[in-house]
Structure formats: C-alpha cells, structure tokens
Amino acid sequence: PLPAAVPGGGQAAPPAVGHLLDLPWEDILVPHILCHLPLRQLLSLQRVSKPFQTLIQLYLANMRCFDSSQVGPHLPKAAFCNLLKDNEVLQHLALQNCSDWLTDKELLPVIGQNHHLQKIQLSSCLQLSRHALVAISLSCPNVRCLSLAHCEWVDSLSLRSLADHCKGLESLDLTACRQLKDEAICYLVQKCSRLKSLSLAVNANVGDTAVEEIAKCCRELEHLDLTGCLRPVLSLGRVLAEYCTKLRSLKVKHCHKVAESSLSILRGRGVELDVELPLQRALVLLQDGVGFAPFINLQI
C-alpha cells in the first residue's frame, strides 16, 4: 500500500525500524531476553559488533548462574577467567568434570569475589587442592549446596574449615573423598546440623561412629548415601530410625554388615532403600541363574 497522504500534499514518513540494542539494556535485554539464550550463543553474539560485545559483557557481569557444560568440556582457562572477571553476584557455580583445565589459579579469584554463592558443583575437579575448599568456607558463608564428589584432595582440615564457616549447609556430596574419617565427619555434622542430604559413598573409612553422630545431629536429614561404606554394621537402620524421623531415602548397597532386621524399621516407614528384601534378592539371583522365577508366595 502507498504511504498515507498528509495535509499539504506530502506523504507520511515510513515507520521507524527499531533495533534490538535500542531496548533498555539493564531493564529489558539483560534480565528478560539474554537470560534465555544458551551461554555458547551469547559468546558468539558478542562477536557481531562492539555494541553487542559491550552488552554481553554487561550480561556476564550480572549473571547469577554459570554452568561450564553450556560452553563445552574443554573451556580454555583464559576464556573462563575473562567470562567471570567482572562478576560479583554469582549464586550458582557449576564446574563439574573440569579436571582437564581447572586449577586453584582459575577458581580462587572467582570464589574470592562472589560472596553470595549458594550452590557450588566441583565434582571430579581433580586438579584443585584443599585451598579451594578453604576459600569457599571463608568467602561463601551462605553456601547451601556443595558437591565435591571424587575430589580426593578434600581432607579433614579443609572440611573443618567448611564446618566452622558454612553452618547453613543443606546438601553436601563427599562421595569418594577417601581422606575423610569418622572424626572429620563427626565434626562436620556437629556444626552443620541443618543438612538434609549427605553422601559419604565409596569411603571405606566411614564407620558406626560417624553414622551415629550423623543421626543424632542431623534431625532434618532426608537423604543419606552410604553406598560402598564397608564398616557400618548391624544397628545402622535402628539408629537412623530413632533420630532421623524425616529420612526419605537411604542407600546402603554393598554395606554387607548392615542387617535387614535393622532396615525393616525404615521399610515400614516407607523410606526408599536401594537394597531388596533377602527373599526377593534370592529370587532375582535364582531367576538370573535358571531363567525363570518359581511361583512363591512372597507374603509368607
């Protein structure tokens, strides 16, 4: 259609075409648009022009969550440091499986300038040291969820520092942190009694002393993983049943000394267990061996 006529015989000017960058950056683009784009696309977008580069840098400085998996498993060290150099408002930092490149040198500056972190995931970051956990305890007092699975550099001293400064912890994954013994675990739960989820799986040093202290101190506990902990013995289920009335799941697979008689109390409460009843277990083995399950009344 032709442009509309205006008084005096002229024609109306065509409507102005807006540009994305004309929208308010801090009020619209950063909080409502860029937050929906994958990080990898944002990094590509900043190469379009200098204004876009400035916009993306503003977004990165105000980003609340950084997840390295959105960029790729082989993020260059320099790129990681550049991405977060101006950010002081992170609440969630996910760097699991970054053992190829992540060391204390890259992590500590980020931890040191982000005091509002509430969730930190460092599972399988093998090149870090105990100084990383000490830095977290000193700089991030509000951390609620911490994953350190397969971080064998976690030792009793760094765990004590965490316990002293981060008493609001609610979820802690210490799977395969094999330096830790009962004494360190006891100190932790005495200080961090708000724990709702705790994993001590694949640690042959964890025994009855630690489990009993966990039960007595962590009354809010809902999930406990003791998979592969060989030392806890017969009465584990009874102790947890007595003190942890909010327990919803317990993993004790390969804990061969734990008696079914103690677990039956938890079964009766509806606690999810990862081990089958002895009769059911025998039937599964029989079925695997002969190719069929006999007709047996399991209610006997």
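Residues numbered from 1 in each chain as written. Predicted model: local features only at pLDDT ≥ 70, side-chain atom pairs only at ≥ 80, totals over all residues. Heavy atoms only, no water.

Student: How should the sheet that holds strand E2 (residues 92-94) be read in this particular structure?
Tutor: By definition, the strands of a sheet pair up through backbone hydrogen bonds, in either a parallel or an antiparallel sense. Pairing is parallel across the open sheet formed by 9 strands, whose spatial order is E1-E2-E3-E4-E5-E6-E7-E8-E9. Across the chains shown, the open sheet's two edge strands, defined by having one partner strand only, are strand E1 (65-67) and strand E9 (272-273). As defined by bridge partners, strand E7 (residues 223-225) adjoins strand E8 (residues 249-251) across 3 bridges and the pair is classed as parallel. Note that in E8 the partner of His-223 across the bridge is Ser-249. (Pairing = 2+ DSSP bridges. Helix = DSSP H or I, 4+ residues; strand = E, 2+ residues; numbered from the N terminus.)

Student: Explain the nonpolar core here, please?
Tutor: Counting 88 residues, the largest nonpolar core has Phe-66 and Leu-250 as the members making the most contacts within it. Beyond its immediate stretch of four places on either side in the chain, Phe-66 contacts Leu-39, Leu-75, Phe-80, Leu-83, Leu-84, Leu-90, His-92, Leu-93, Ala-94 and Leu-95. (Core = buried A, V, L, I, M, F, W, Y, C linked by side-chain atoms within 4.5 Å. Buried < 20%, exposed > 50% of the residue type's maximum accessible area, 1.4 Å probe, protein only. Contact = heavy atoms within 4.5 Å.)

Student: Would you take a moment to explain the packing of helix H8 (residues 182-191) against helix H9 (residues 208-217) for this structure?
Tutor: Packed helix pairs are specified by the crossing angle of their axes together with the interaxial distance, meaning the distance between the axes. The N-to-C vectors of H8 and H9 enclose an angle of 5°; their axes lie 8 Å apart at closest approach. For the element pair H8 / H9, the angle class is roughly parallel. Residues Asp-182, Ile-185, Cys-186, Val-189 and Gln-190 of H8 form the contact with H9, whose own contacting residues are Asp-208, Thr-209, Ala-210, Glu-213, Ile-214 and Cys-217. Class assignment of the residues belonging to the contact of H8 with H9 gives a composition of 6 nonpolar, 2 polar and 3 charged. (Axes fitted to C-alpha atoms, helices over the stretch in contact; angles between N-to-C directions. Parallel < 35°, antiparallel > 145°, perpendicular 65-115°, else oblique. Nonpolar A, V, L, I, M, F, W, Y, C, P; charged D, E, K, R; others polar.)

Student: How should I be thinking about the environment of Leu-174 in this particular structure?
Tutor: Among the secondary structure elements, Leu-174 is positioned in the loop between strand E5 (171-173) and H8. With a relative accessible area of 1%, Leu-174 lands in the buried category. In this structure, the C-alpha to C-alpha distance between Leu-174 and Leu-146, residues 28 residues apart in sequence, is 8.9 Å. Look past the residues within four positions of Leu-174 in its chain and what remains in contact with it is Leu-148, Leu-159, Leu-180, Ile-185, Leu-188, Ser-199, Leu-200 and Ala-201.

Student: Would you mind going over a nonpolar patch on the surface with me for this structure?
Tutor: A contiguous nonpolar patch, built from Leu-20, Leu-23, Ile-28 and Ile-33 and spanning about 270 Å² of accessible area, is present on the exposed surface. With respect to the helices and strands, the residue Ile-28 is situated in helix H1 (residues 25-33). On the basis of relative accessibility, which here comes to 32%, the residue Ile-28 falls in the partly exposed class. (Patch = residues over 30% accessible without salt bridge, like charges linked within 9 Å, V, L, I, M, F, W, Y side chains within 5 Å. Areas by Shrake-Rupley, 256 points an atom, 1.4 Å probe, with all protein chains shown as cover. Salt bridge = Lys/Arg side-chain N within 4 Å of Asp/Glu carboxyl O.)

Student: Just checking my understanding: could you explain the UniProt feature "domain: F-box" (unreviewed entry) in the protein chain for this structure?
Tutor: Using the residue numbers shown here, the UniProt feature "domain: F-box" (unreviewed entry) corresponds to residues 20-57. As a span, residues 20-57 carries 63% helix and 0% strand, and end to end its C-alpha atoms are 16 Å apart. (UniProt positions renumbered as here; feature names shortened; annotations may be inferred.)

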